[in-house]
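Residue-level listing of the chains:
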Number of protein chains: 2
Amino acid sequence: MTRVLVIGGSDAGISAGLHIQELDPNTRPTLVVADAYPNFSICGIPYHVSGEVPDWRTLAHRTRADLENAGLDLRLNTRATRIDPFARTVTVVDHDGPSELPYDQLIIGTGAVPIRPRIEGLDTLGPTDGVHLLHTMDDTFALTSTLERQPESAVVVGAGYLGLEMVEALRSRGVAVTLVEMLPEVLSTVDRELGGLVRAELHAHDVDVRTGTTVGRIERHAGRLRVLGSDGFERTTDVVLVVVGVRPDTALAETARVKLGVRGAIAVDRGMRTTVDHIYAAGDSVHTYHRLLGTDTYLPLGTTAHKQGRVAGENALGAFRRFAGSLGTQVLKVFDLAIARTGVRDRDAIDFRPVTHATVADDHKAYYPGARPIHLRVTGDAASGRLLGAQLVGHRDSSVHKRIDVFATAIHHGMAVTDVEDLDLSYTPPLGSPYDAVQVAAHAWTQQHGD
Amino acid sequence: MTRVLVIGGSDAGISAGLHIQELDPNTRPTLVVADAYPNFSICGIPYHVSGEVPDWRTLAHRTRADLENAGLDLRLNTRATRIDPFARTVTVVDHDGPSELPYDQLIIGTGAVPIRPRIEGLDTLGPTDGVHLLHTMDDTFALTSTLERQPESAVVVGAGYLGLEMVEALRSRGVAVTLVEMLPEVLSTVDRELGGLVRAELHAHDVDVRTGTTVGRIERHAGRLRVLGSDGFERTTDVVLVVVGVRPDTALAETARVKLGVRGAIAVDRGMRTTVDHIYAAGDSVHTYHRLLGTDTYLPLGTTAHKQGRVAGENALGAFRRFAGSLGTQVLKVFDLAIARTGVRDRDAIDFRPVTHATVADDHKAYYPGARPIHLRVTGDAASGRLLGAQLVGHRDSSVHKRIDVFATAIHHGMAVTDVEDLDLSYTPPLGSPYDAVQVAAHAWTQQHGD
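Everything numeric in this text was worked out from a predicted model, so none of it was measured.

J.: Would you take a moment to explain the interface of chain B and chain A for this structure?
T.: Quite often, the size of an interface is put as the accessible area lost when its parts meet. In this complex, chain B contributes 53 residues to the contact, which on the side of chain A involves 53 residues. Contributions of two or more residues to the side of chain B that touches chain A are made by α8 (302-316), β21 (330-334), β22 (337-343) and α9 (400-412) of chain B. Residue contributions to the side of chain B that touches chain A peak at 10 residues, all from α9 of chain B.

J.: Teacher, can you tell me more about the environment of A176 of chain B here?
T.: Residues and elements named next belong to chain B. Counting through the fold element by element, A176 comes out in strand β11 (residues 176-180). Note: C-alpha distance between A176 and N69 (107 residues apart in sequence) is 45 Å. Those residues in contact with A176, other than ones at most four positions away along the chain, are E152 and S153.

J.: Explain the relation of the copies chain B and chain A here, please?
T.: For the pair of chain copies, the relating operation is a rotation around an axis with a shift along it. Superposition of chain B onto chain A requires a rotation of 180 degrees combined with a translation of 0.0 Å along the rotation axis, giving an RMSD of 0.0 Å. Taken together, the rotation and translation describe the operation of a two-fold axis. Interface overlap between copies: 100% of the residues of chain B at the interface are likewise at the interface in chain A, consistent with a symmetric, same-surface contact.

J.: Explanation requested: helix α4 (residues 137-147) of chain A in the structure shown.
T.: An α-helical segment advances 3.6 residues per turn. Residues three or four places apart therefore align on the same side. All names here are of chain A. Among the residues of α4, those classed as buried are T140, L143, T146 and L147. Down the axis of α4, the sector holding all buried residues measures 125 degrees, keeping them to one side. Looking at the buried residues of α4, the elements they touch are α2 (45-49), β9 (131-132) and β16 (239-242).

J.: Help me understand the domain arrangement of chain A in this model?
T.: Residue and element names in this part refer to chain A. Domain boundaries assigned for chain A yield domain 1 (4-113 + 247-316), domain 2 (127-244) and domain 3 (330-449). A separation of 30 Å is found between the C-alpha centroids of domain 1 and domain 2. By residue number, the principal contributor to the side of domain 1 that touches domain 2 is α2, which donates 4 residues. Within the side of domain 1 that touches domain 2, the residues separate by chemical class into 8 nonpolar, 3 polar and 1 charged.

J.: What exactly am I supposed to notice about the nonpolar core here?
T.: If you look at soluble globular proteins, the nonpolar side chains tend to sit buried side by side. The biggest cluster of nonpolar side chains holds 183 residues, and the ones touching the most others in it are I339 of chain A together with I339 of chain B. Those residues within four positions of I339 of chain A in sequence are excluded, and the remaining contacts are L187, V190, L194, V198, V331, L332, V334 and V393 of chain A.

J.: Quick question: what am I supposed to make of the sheet that holds strand β18 (residues 279-281) of chain B here?
T.: Two modes of strand pairing occur in sheets, parallel and antiparallel, and in both the strands are linked by backbone hydrogen bonds. All names here are of chain B. The strand order β3-β2-β1-β7-β18 describes an open sheet built from 5 strands, whose pairing is parallel. Pairing within the sheet leaves two strands with one partner each, and these edge strands are β3 (73-75) and β18. The sheet shows a mean angle of 20 degrees between the axes of neighbouring strands, direction not considered. Both strand β7 (residues 105-108) and β18 contribute to a ladder of 3 bridges, which runs parallel. When the sheet's bridge partners are listed, I107 is paired in β18 with Y280. Across the sheet, helix α1 (residues 11-23) lies against β1 (4-7), β2 (30-32) and β7, angled at about 160 degrees from β1, the strand it touches most. Across the sheet, α8 touches β1, β7 and β18, and the angle it forms with β7 is around 175 degrees.

J.: For this particular structure, what's the right way to read the confidence of the model for chain A?
T.: Detailed reading of the predicted model is not advised wherever pLDDT is low. Predicted confidence across chain A gives a mean pLDDT of 97, with 100% of residues reaching 70 or more. For this predicted complex, the interface score ipTM comes out at 0.97, while the overall pTM is 0.97.

J.: Can you help me understand the sheet that holds strand β12 (residues 208-210) of chain B in this one?
T.: Residue and element names in this part refer to chain B. Read across the sheet, 5 strands follow the order β9-β16-β10-β11-β12 without closing on themselves; strand pairing throughout is parallel. The sheet is open, and its two edges are formed by β9 (131-132) and β12, each paired on a single side. With 4 bridges connecting them, strand β10 (residues 153-157) and strand β16 (residues 239-242) associate as parallel partners. Bridging across to β16, V157 finds its partner in V242. Contacts from helix α5 (residues 161-172) reach β10, β11 and β16 within the one sheet, and its direction differs from that of β11 by about 165 degrees.

J.: Could you clarify how one ought to interpret the packing of helix α1 (residues 11-23) of chain A against helix α8 (residues 302-316) of chain A in this entry?
T.: Two quantities define a packed helix pair, namely the angle between the helix axes and the distance between the axes. Residue and element names in this part refer to chain A. Where α1 meets α8, the closest approach of the two axes is 7 Å, and the angle between their N-to-C directions is 40 degrees. Classified by the angle their axes make, α1 and α8 are oblique. Of the two possible hands of crossing, α1 and α8 adopt the one that is right-handed. Of the residues in α8, those touching α1 at D11, A12, G13, S15, A16, G17, H19, I20 and L23 are G302, A305, H306, Q308, G309, R310, A312, G313, E314 and A316. Of the residues contributing to the contact of α1 with α8, the split by class is 7 nonpolar, 9 polar and 3 charged.

J.: How do you make sense of the pairing of strand β11 (residues 176-180) of chain A when you look at a structure like this?
T.: Two faces, one strand: in a regular strand the side chains alternate between the faces of the sheet. Residues and elements named next belong to chain A. With 4 of its 5 residues buried, β11 lies for the most part within the structure. Strand direction decides the pairing type here: strand β10 (residues 153-157) and β11, joined by 5 bridges, are parallel. By the bridge assignment, V156 is partnered in β11 with L179. Each parallel crossover has a hand, and the one from β10 via helix α5 (residues 161-172) to β11 is right-handed. Summarising the sheet, β11 and strand β12 (residues 208-210) pair through 3 bridges and their orientation is parallel.

Cut-offs used in this document
Residues numbered from 1 in each chain as written. Chains lettered and ligands numbered in written order. Predicted model: local features only at pLDDT ≥ 70, side-chain atom pairs only at ≥ 80, totals over all residues. Contact = placed C-beta atoms within 7 Å. Helix = DSSP H or I, 4+ residues; strand = E, 2+ residues; numbered from the N terminus. Least-squares fit on C-alpha atoms with pLDDT ≥ 70 in both. Buried ≥ 20, exposed ≤ 12 C-beta atoms within 10 Å, placed from the backbone. Arc of directions from axis to C-beta. Domains from an automatic or database assignment. Nonpolar A, V, L, I, M, F, W, Y, C, P; charged D, E, K, R; others polar. Core = buried A, V, L, I, M, F, W, Y, C linked by C-beta atoms within 7 Å. Pairing = 2+ DSSP bridges. Axes fitted to C-alpha atoms, helices over the stretch in contact; angles between N-to-C directions. pLDDT = per-residue confidence, 0-100. Parallel < 35°, antiparallel > 145°, perpendicular 65-115°, else oblique. Left-handed = near helix turned anticlockwise from the far one by under 90°. Right-handed = clockwise from strand over helix to strand, strands pointing away.

If you want it as structure tokens, here you go:
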């Protein structure tokens, strides 16, 4: 029996463990989990903070009992501190102190940690002062505890996915919110034209949006917090939430001297093998093979972590699976808007001659009540005609999230933009059009940029 | 300049005409349209009858002026009665009588006509008696005129797409409805297990559903209508609507002696060429190349008609386009339910070893409010692992229609069921799951029927 040790209890680690059990019920993988919350949905945190998910326990994809019944040996509240790749042991520390766990195959799924930007005061102020970072369940409890004091206002630093979701969460608790972003537009993962639609949605929900603004200092001031930034930005507030992205947590992996790759993430091949024998890694701690670019990128996403975890688990049992690759497909709900993207944008489309074309198309036939516009931006290669990417913004009920999946599936297969028009997609007037919005956008691109 | 003559003003004909104009602005195609309603959405008729689309004029995808401005020469209220393929003329009849129209290239888009089942009385009773078939705008006006008399009850014969949509339309006008279907379950285009869910939705909206029942006779009785059927079925009612499907309208094409193919539809190759030189045909009057089966089938669908029309138009100008093929992708809304399908089911999967696996998966993470189940049936080839088809039933807001499109795009590319799990699909808790319902179903199939 292979002794498989998995470090990490989030998407990558849990997927690896469960897939191992699925493939070989005799292997009982040990999962070392730093906190008491295995298999919690980090993506669900904003909805607990908002109050939409009142009981934080329901954020668990599976309960501890589910996981144990599925054959996983869980070591909770246990930190892995060091790998000895020669002895094939991992040093772990729990409430009884340090000990060594042996392994035949090791899977690292240590995930990511929030980036701490250079803001004066951020190192000395903390949750008790109302200054928060947000990544773990413990971070969540600290924030909800602050929010129980019913603060009047908050400053959110960072207008990425988590920042925008947290703005909505705070607004739905009645907190006045200022959103500060260093870049010229919110949500820099989509083009500025679409970011502008998101900004309008934020304005419609009374969010004070400050783009092109860098926060330089947070300080206590008359029992509250003062946030100071570029161009004379200054706010007195009760809560500061800093959510400017994540970086891979490679501290453990580095003790085994694994090579690091893109953006300092653990380098892995498509079999999720690190450069050290018997050590696999998956999820937010590793760099990610990009299916379209054919290169490694850093795209920390739960969906990818799940898939990589499965590959790592299967290969740890001796298989030769390859990760199919990521396309950076993402969707985000902000108030009543859904924003989705897949593939690459002009600036990322190295080795191509990318052109992007914007289209607006209804989510269903205009004559049927309730039709709403979807804003689509399709990126294709002017040289080959190949579909490179798509970005969509529309109402949360306009199936933007599944329309982006049609584009993602098309890119997965290397389709040409014009061939998207040939897909046999479904239609009924209350739900679509004879040529779906996806195809209308593909057609518009082709008309403009050749066949 | 090529003289292109198009017969038919619905999806196939209009698409052909518009695409010709797009490709060659100097060619001004002539469209011969039997009635006064070019480019009307037949699929939208139920929503006008229901009252959701109060003005029937809005059912036009484009107005007459739109079409003329786009460069089409419209001959409305003009019936084409005969083709002379040697002289290359078509005899047409309008209010001035018959005349001959010459062509260099002819595109037939005559569509389909409703099937008249062998029901005693159906040939003698008509709209003024409250007995209706439904396919054209004129049929629609006849029906809405009957409904203005505020009938109490109706019998709908046929529980296919149109029958179910019309049941909903009549119910939303407060009409008591009995739905009669010859087959054992409603909506025979999906498996019986899913048809049962549709039946439950009909029951929840007080529809009296009679399956396994054949209507044999309709007669006038004491100022109302009496409908008699198998097993002692008998209803006295005010309106009878017979919607049991369509058959290709090949009357015109047969005057040119074109070969007929599957189910009596016009035989065409993938370039939409008939067996007679210079005559193309597209839409509901032709048989349809099935991309997965690699054979011709009869699948009269607006989406397909559009695509075939474009191919016919392009080839009439001398190109060599090929129709990419249909997968029979369809979606239907019945009250609050959406029912979608793509590809083939067990019984249609000739040359394969089909197995179908049923799964239920949430439309989004269960912890976020409002999650609803989607019922999925995935069909794969047990021999090769290839994805053959999918059927989905869920709430109309659960993006069933775009989830079927992900399956359709996967089948378009000949994916294996298990590879669907590798697709990089979007996720956010309010709109999906890390493994989307589509992937959960693919995984369940693979677990059951091999990799």
